[in-house]
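# Observations on the three-dimensional arrangement
Listed here are the chains, written in short residue letters.
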Amino acid sequence: MSIGTLLRRYGTLIGFALILGFFWFNLPDTFMTARNWLNITQQLSMLMVVAAGMTIVMVMGDFDLSVGSAASLSGIVAGVLFAAGYPIWATVGISLLGGLLGGAINGVLVSFIGILPFVATLAMLTILSGAAFVLSGGKTISGASIPADFSNFARGGIPLGEIGGVAVMLPNLTIVALVVVFAVWVLLEQTTFGRRLYAIGGNIEAAYLSGVAVRRLKLIAFALTGLSAAGAGLMYASRVASANPTQGSGLMLNAIAAVFLGMTMSEQGVPRILATVIGVLILGVLDNGLTQMSVDSYVRQILVGAIILLAVAASSFSKRLRR
Amino acid sequence: MSFLSLDNVQKAYAGVPALRRVALTIEAGEIHALMGENGAGKSTLIKILAGVVAPDAADIRIDGRPVTIGSPKEAHRLGFRFIHQEFNVVPALSVAENIFMGRRYPKHGGVLVNWRALNTTARGALEKLGITHIDPRQRMARLSPGDQMLVRLSSAFLSEPDAPARLYVMDEPTAALTRNESERLFRVLREIRAAGGSVLYVSHRLDEVMALCDRATVMRDGATVDTGRMADITHDDLVALMIGRKVEEAYPAPSTPSTSGMALDVRGLAAGRLQPTSFSLRQSEILGIAGLSGSGQRELVRALFGDLPLRGGTIALDGRPYRPFSPADAWKAGIAYVPRERRSEGLMLTRPIFENITLAQLGRQSLGGGFLTPKAEQRFAATLGADVRLRSTGPRQLAAELSGGNQQKVVFAKALSGNPKLLLLDEPTRGVDVGAKFDIYTIIRDMTQKGMAVILVSSDLPELIGMCDRIAVMRDGAITEIVAAQGLREDDLLNRCYGRARLVA
């Protein structure tokens, strides 16, 4: 394998390693510790779940802009239901179903009515965000209405023993994210459903003429993305023991960025779930490391954006060189 | 001194040589044929001339002076004009705007577009080809594929005083044209030759090449193997040079079917522009569909395949009623389809061969049901690939890396993957080289031997006569007659397509 191929294939991974090295060197005591990494995975878990869902639609060449407001809305729905005295299982169930339904509406708009995903999910973003404000009255739902068992979930985890006299645990939210990643991996890489989604992304007309039920699959894929967004919203609500109508708004752009970062690792520029995981880790590590180095959060935004541009530019540039 | 000479042209992609040693000279006032199978390197050579691909080494001279062609712009300035095989148009723009694609629009005072001048100049380019029925202000999307091709052709004939055209490179220009339109193009090319211009002409249609061109250069495996005057070369010589061996027969012998039940019975079928149509088809039979382009052939096939909603009529497949609502229904009923545009409708170019071949059979128990079993899939694909004589590095190779003929074989392998009862073929050998063509004909024959019925839509009349049992002639969205193929003469069939059978008979 030539150096060019190596760089093209593993450029993003090498970049990730450089970032890790940089923080390890500059934060020798705190960065490369089990504690910090468990913390990172917990911080990342919501983004990981949304990015996994986003990967499903991006495999077909579509995307979903409404995931952030869907996450916010699902947190608000949970808060309202808790306040009305619903038990945890019913609340979680209804919120997840709501996400599935919202995603299915996206799917109907895109596949059966034929609206471009950009327009359809942008409109849904606005609608769901508005609905979150209407339901909550624009206020944060918190305090006694959120059951302790619900918020304790995000603080809990599986004890891993003691390191240096301090107890460490694998956070529940990290476990949820791992389970979701595994489920999406099975779905996309191991089932005919996933293969058909890749076929749609490869050539939608050829897939349709080969008997792939394009419209039905698109509907299901968007519904699953909505479900993942609702799940992330619940994780968020549990973590901060409250629900607020703008809670999920940062998720959408980061999820799309993570999938794009992952796509730079594929020769054909195709989204793969495990590559998305790397993309999420890059974003999470940058955030964690720069925060620890006390870099101003606005400066952080500029740096993160620049790194995404750099990775995608390097990948498309090296692909062009090959011609 | 030659107008254009190329020597020692070399190009490799990722270490794999596409062009090894190419030498070619084109005289002023000559129509020069560039021949060769798909994958021989013709496209790469043309891309180098067009400034799209940079050669690893090349000695290119114009009027004896060395030149380099660094970009499409430079190629244009040198007087090169191109009609590429995969023609691209912008459907949302007007005909005139498409003709001016990549050129400077005439302007009022250098700022606002002078639409009147734009349309007039475009009309002039169209008229050069004798085209008067296309309004330059029309949207491109409203034109038939044949008319779109004519527009693309005429853009090469746009007069440009500041960079006069000296060489026209035509890659399969007649693939989407009717005979009349092709004749008109040939007349223009001959005029260009008479005026001292040059043409580099690429086509798989040997008869056309033999009638039109002065000399031919044959390429094989990335090298030019021979150049000669057309007058000194026979049809068979050319074919032998291209494929490197002798070919005795253009079409395999008809099969001797063991079954002869009714495969398909269509009564009053109407859909889209397709007028109520009735015909039937026996097992092992090949029914050809002839007609001028846009006579309803595509609608007929698409209606049978469930891609076009039926307005009326009934279909019986193997004696059972059949009414498809989607291609998925057609596959389930045992109908397979090889679409006309293999790149846009037939293949997922960026996916491996095996994923392309198994796509319609995913979910079969032998392939693991709902879960993927890549090993079994690859075996399945390799078997089918061998059946269709696919040449590849293995089932994991990307479809995009195959030559046109081998890509078409992948599409065939997919179509045959479910042992269909009825195979619908829409221009199955378009842009396919001679060797692969014969392979494809053999595959079709082998399958009919086992009882499969075939509907073959083609604009290649010798192909229809050579392969079919009967030929249905379509005109204005309806079948006008069905004739036996045996003993049918080409000019007779053509006249029937035009609706002039009686004048001749």
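Bear in mind that the values here come from a model prediction, so they are computed numbers and not experimental data.

About the thresholds
- Residues numbered from 1 in each chain as written.
- Chains lettered and ligands numbered in written order.
- Predicted model: local features only at pLDDT ≥ 70, side-chain atom pairs only at ≥ 80, totals over all residues.
- Helix = DSSP H or I, 4+ residues; strand = E, 2+ residues; numbered from the N terminus.
- Rg over C-alpha atoms; globule rule 2.2 N^0.38 Å.
- Buried ≥ 20, exposed ≤ 12 C-beta atoms within 10 Å, placed from the backbone.
- Contact = placed C-beta atoms within 7 Å.
- Nonpolar A, V, L, I, M, F, W, Y, C, P; charged D, E, K, R; others polar.
- Domains from an automatic or database assignment.
- Core = buried A, V, L, I, M, F, W, Y, C linked by C-beta atoms within 7 Å.
- pLDDT = per-residue confidence, 0-100.
- Pairing = 2+ DSSP bridges.
- Axes fitted to C-alpha atoms, helices over the stretch in contact; angles between N-to-C directions.
- Parallel < 35°, antiparallel > 145°, perpendicular 65-115°, else oblique.
- Left-handed = near helix turned anticlockwise from the far one by under 90°.

## Details of the overall build of chain B
- Counting secondary structure elements, chain B contains 18 helices and 22 strands.
- By the compact-globule yardstick of 23 Å for 505 residues, chain B fits well, its C-alpha radius of gyration being 24 Å.
- C-alpha extents for chain B along the principal axes are approximately 70 × 50 × 50 Å.
- A buried classification covers 45% of the 505 residues belonging to chain B.
- For chain B, restricting intrachain contacts to residue pairs at least 6 apart in sequence, the fraction spanning at least 24 positions comes to 68%.

## Focus: the overall build of chain A
- A count of helices and strands for chain A gives 13 helices and four strands.
- Its C-alpha radius of gyration of 20 Å places chain A within 12% of the 20 Å reference for a compact globule of 323 residues.
- Dimensions of chain A along its principal axes, counting C-alpha atoms only, are 60 × 55 × 35 Å.
- In chain A, buried positions account for 48% of the 323 residues.
- Contacts spanning at least 24 positions in sequence make up 76% of the contacts within chain A whose residues lie at least 6 apart.

## Notes on the interface of chain B and chain A
- Each partner contributes to the interface: chain B provides 22 residues, whereas chain A provides 20 residues.
- For the side of chain B that touches chain A, the elements supplying multiple residues, two or more each, are helix H10 (327-333) and helix H11 (342-346) of chain B.
- The residue inventory of the side of chain B that touches chain A, partitioned by class, reads 13 nonpolar, five polar and four charged.

## Notes on the environment of proline 173 of chain B
All names here are of chain B.
- Mapped onto the fold, proline 173 is located in the loop between strand E9 (167-171) and helix H6 (179-194).
- Given 28 C-beta atoms within 10 Å, proline 173 falls into the buried group.
- If we ignore the near neighbours within four places in the chain, the residues touching proline 173 are Ile83, Leu153 and Leu185.

## Some points on unusual backbone geometry
Residue and element names in this part refer to chain B.
- We note that arginine 389 has phi near 60 degrees; this positive angle belongs to a residue other than glycine.
- Taking the number of C-beta atoms within 10 Å as the measure of exposure, arginine 389 has 18 and is therefore partly exposed.
- With a phi close to 50 degrees, glutamate 427 is a non-glycine residue in the positive phi region.
- Mapped onto the secondary structure, glutamate 427 falls in the loop between strand E19 (422-426) and helix H15 (434-449).

## Topic: the domain arrangement of chain B
- With domains assigned, chain B is organised as domain 1 (4-243), domain 2 (249-334 + 420-505) and domain 3 (343-419).
- The C-alpha centroid of domain 3 of chain B is placed 34 Å from the C-alpha centroid of domain 1 of chain B.

## Remarks on the environment of arginine 340 of chain B
Residue and element names in this part refer to chain B.
- Within the secondary structure, arginine 340 sits in the loop between strand E18 (335-338) and H11.
- On the basis of neighbour counts, which here come to 19 C-beta atoms within 10 Å, the residue arginine 340 falls in the partly exposed class.
- Once residues within four sequence positions are removed from consideration, arginine 340 is found in contact with Glu345, Asp426 and Glu427.

## Here's the deal with the nonpolar core
- Core analysis: the biggest nonpolar cluster contains 166 residues, and Leu47, Val50, Ala51 and Ala255 of chain A together with Leu424, Ile455 and Leu456 of chain B have the highest contact counts within it.
- Here this core takes 14 residues from helix H10 (residues 214-240) of chain A, the largest share from any one element.
- Here this core gathers at least three residues from each of two domains, domain 2 (249-334 + 420-505) and domain 3 (343-419) of chain B.
- Contacts of leucine 47 of chain A, omitting those with residues within four sequence positions, involve Leu251, Asn254, Ala255, Ala258 and Val280 of chain A.
- In terms of nonpolar packing, the next biggest core, distinct from the first, is built from 63 residues, Leu34, Ala40, Phe82 and Leu241 of chain B among them.

## What to know about the confidence of the model for chain A
- Confidence along chain A averages 91 in pLDDT terms, with 96% of residues attaining 70 or more.
- Per-element confidence in chain A is highest for helix H7 (residues 172-190) of chain A, whose mean pLDDT is 97, and lowest for helix H13 (residues 297-321) of chain A, whose mean pLDDT is 81.

## Side note on the pairing of strand E15 (residues 286-290) of chain B
All names here are of chain B.
- Burial analysis of E15 places five of its five residues in the buried class, the great majority of the element.
- On E15, burial covers both faces: Ile286, Gly288 and Ala290 on one face and Leu287 and Ile289 on the other are all buried.
- Bridging between E15 and strand E20 (residues 453-457) involves four bridges; their strand directions are parallel. In the strand pairing of E20, isoleucine 289 is matched with valine 457.
- Pairing of E15 with strand E21 (residues 470-475) involves four bridges; the strand directions are parallel. Each residue of the ladder has a partner; that of alanine 290, found in E21, is valine 473.

## Focus on the confidence of the model for chain B
- Across chain B, the average pLDDT comes to 87, with 95% of residues at 70 or higher.
- Segment residues 501-505 of chain B is flagged for pLDDT under 50; beyond a separation of four residues in sequence, or across chains, it makes four contacts in the model.

## Topic: the sheet that holds E15 of chain B
All names here are of chain B.
- One open sheet accounts for six strands, arranged E18-E19-E20-E15-E21-E22; its pairing is mixed. In the strand order of this sheet, the two ends are held by E18 and strand E22 (478-484), each with one partner. Strand after strand, the sheet turns through a mean of 20 degrees between neighbouring axes, direction not considered.
- Across the sheet, helix H9 (residues 297-304) touches E15, E18, E19, E20 and E21, and the angle it forms with E19 is around 150 degrees.

## Regarding helix H8 (residues 192-202) of chain A
- Summarising burial for H8 of chain A: 11 of the 11 residues are buried, a large majority.
- Taken together, the buried positions of H8 of chain A are Thr192, Phe193, Gly194, Arg195, Arg196, Leu197, Tyr198, Ala199, Ile200, Gly201 and Gly202 of chain A.
- Buried residues along H8 of chain A sit in contact with helix H2 (34-59), H7, helix H9 (204-209) and H10 of chain A together with helix H12 (353-358) of chain B.

## Brief notes about the packing of helix H14 (residues 404-416) of chain B against H15 of chain B
Residue and element names in this part refer to chain B.
- At a closest axis distance of 10 Å, the pairing of H14 and H15 adopts a crossing angle of 10 degrees. Classified by the interaxial angle, the pair formed by H14 and H15 is roughly parallel. Between H14 and H15 the crossing geometry is right-handed. Contacts between H14 and H15 involve Gly405, Asn406, Gln408, Lys409, Phe412 and Leu416 from the former and Ala436, Asp439, Ile440, Ile443 and Met447 from the latter.
- Here the residues of the contact of H14 with H15 sort into six nonpolar, three polar and two charged.

## A short note on the environment of glycine 21 of chain A
- With respect to the element layout, glycine 21 of chain A can be found in helix H1 (residues 3-26).
- For the pair formed by glycine 21 of chain A and glycine 164 of chain A, sequence separation is 143 residues and the distance between their alpha carbons is 23 Å.

## Considerations on the sheet that holds strand E14 (residues 274-282) of chain B
All names here are of chain B.
- In spatial order, the strands read E14-E13-E16-E17; together these four strands make up an open sheet with antiparallel pairing. Both outer strands of the open sheet, E14 and strand E17 (320-321), are each paired with one neighbouring strand and no more.
- As judged from the five bridges shared by strand E13 (residues 262-271) and strand E16 (residues 312-317), these two strands associate in the antiparallel manner. Note that in E16 the partner of aspartate 265 across the bridge is alanine 316.
- Its contacts with the sheet place H9 against E13, E14 and E16, and it is angled at close to 65 degrees to E14.

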